[in-house]
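Read off the chains here:
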Amino acid sequence: MTPAPSLVLILAVGVLYSCGFYLLLQRSLMRVVFGILLLGHAANLSLMLTDKAITLPPLLPGEASAMSDPLPQAMALTAIVITFGVTTFLLALAYRVWLGDGDDEVPDDLEDRRIGRLQEPEESA
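Starting from 1, residues in each chain are numbered consecutively following that chain's sequence as written. Local features in this predicted model are restricted to residues whose pLDDT is 70 or higher, and side-chain atom pairs enter the listing and the counts only when it is 80 or higher, whereas totals over whole chains, interfaces and linings include all residues. Where side-chain values are given, they derive from all heavy atoms of the structure, hydrogens and water being excluded.

Novice: An account of the UniProt feature "transmembrane region" (unreviewed entry) in the protein is requested, with residue identities and associated values reported.
Specialist: UniProt positions are given in the numbering used here, feature names are shortened, and annotations may be inferred rather than shown by experiment. UniProt records the feature "transmembrane region" (unreviewed entry) for residues 6–25, 32–54 and 74–95 in the present numbering. Counting secondary structure, residues 6–25 comes out at 90% helix and 0% strand; the distance between its end C-alpha atoms is 30 Å. Secondary structure over residues 74–95 splits into 100% helix and 0% strand, and the C-alpha atoms at its two ends are 32 Å apart. Numbering goes from the N terminus for both helices and strands, where a helix is a DSSP run of H or I of at least four residues and a strand is a run of E of at least two.

What follows is the structure, given as structure tokens:
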């Protein structure tokens, strides 16, 4: 019988995902970068939780049922590399915005403001 993941790890994945999505929806670009980082860590932890029998590497002698599945580990390594690449790209974008404006907050779009003003009379009627 393979052990199930503990409740603490499952709750940690849920907290990481929720905090990551919360930070991803903020207007500050640095918070968006931290949100992407938290989502990457949550994805890696959830991939590691899918492997139920982490005991023997495939090259060591032992029972076949006690061997670890290498697929979640390979996917976690790939997710680490992708998260690193996306993080460096987002940091470069945030730095460019900060050089131009002196602030890392995303400004309102003028077209969104215009559409919002057009819909206001309809809502008041």
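From this point on, the discussion continues.
Novice: Tell me what's going on with the packing of helix α2 (residues 29–50) against helix α3 (residues 70–101), and back it up with residues and numbers.
Specialist: All axes here are fitted lines through C-alpha atoms, helices being fitted over the stretch that makes contact, and every angle between N-to-C directions spans 0 to 180 degrees. Orientation of α2 relative to α3, taken along the N-to-C sense of each, is 180°, at an axis distance of 9 Å. Classified by the interaxial angle, the pair formed by α2 and α3 is roughly antiparallel. Its residues assigned to classes, the contact of α2 with α3 comprises 17 nonpolar, six polar and no charged. Reported orientations rely on four angle classes, namely roughly parallel under 35 degrees, roughly antiparallel over 145, roughly perpendicular from 65 to 115, and oblique for the rest. Only Asp, Glu, Lys and Arg are considered charged in this grouping, and only Ala, Val, Leu, Ile, Met, Phe, Trp, Tyr, Cys and Pro are considered nonpolar; every other residue, Gly among them, is considered polar.

Novice: I'd like to hear about the side chain of threonine 83, residue by residue, with values.
Specialist: Within the secondary structure, threonine 83 sits in helix α3. Given the relative accessible area of 16%, threonine 83 is considered buried. Any two residues whose heavy atoms approach within 4.5 Å at even a single point are treated as in contact. In this structure threonine 83 touches Ile36, Leu37 and Gly40, once residues within four positions along its chain are discounted. Relative accessibility decides the category of a residue: with a 1.4 Å probe and only protein chains considered, values under 20% of the type maximum give buried, values over 50% give exposed, and everything between is partly exposed.

Novice: If you had to explain the pattern of salt bridges to someone new, which residues and values would you point to?
Specialist: Just to be clear on terms, a salt bridge is a Lys or Arg side-chain nitrogen sitting within 4 Å of an Asp or Glu carboxyl oxygen. Under the criterion given, the structure shown has two salt bridges. Arginine 27 is the partner of glutamate 105 in a salt bridge, and the nearest nitrogen-oxygen pair spans 3.8 Å. Separated by 78 residues along the polypeptide, glutamate 105 in the loop between α3 and α4 (110–124) and arginine 27 in the loop between α1 (7–24) and α2 bring together distant segments of the chain. The exposure class assigned to arginine 27 is partly exposed, which follows from its relative accessible area of 39%.

Novice: Go over the environment of valine 81 with me, naming the residues and quoting the values.
Specialist: With respect to the helices and strands, the residue valine 81 is situated in helix α3. By relative accessible area, which is 58% here, valine 81 ends up exposed. For the pair valine 81 and glycine 40, spaced 41 residues apart in sequence, the C-alpha to C-alpha distance is 9.9 Å.

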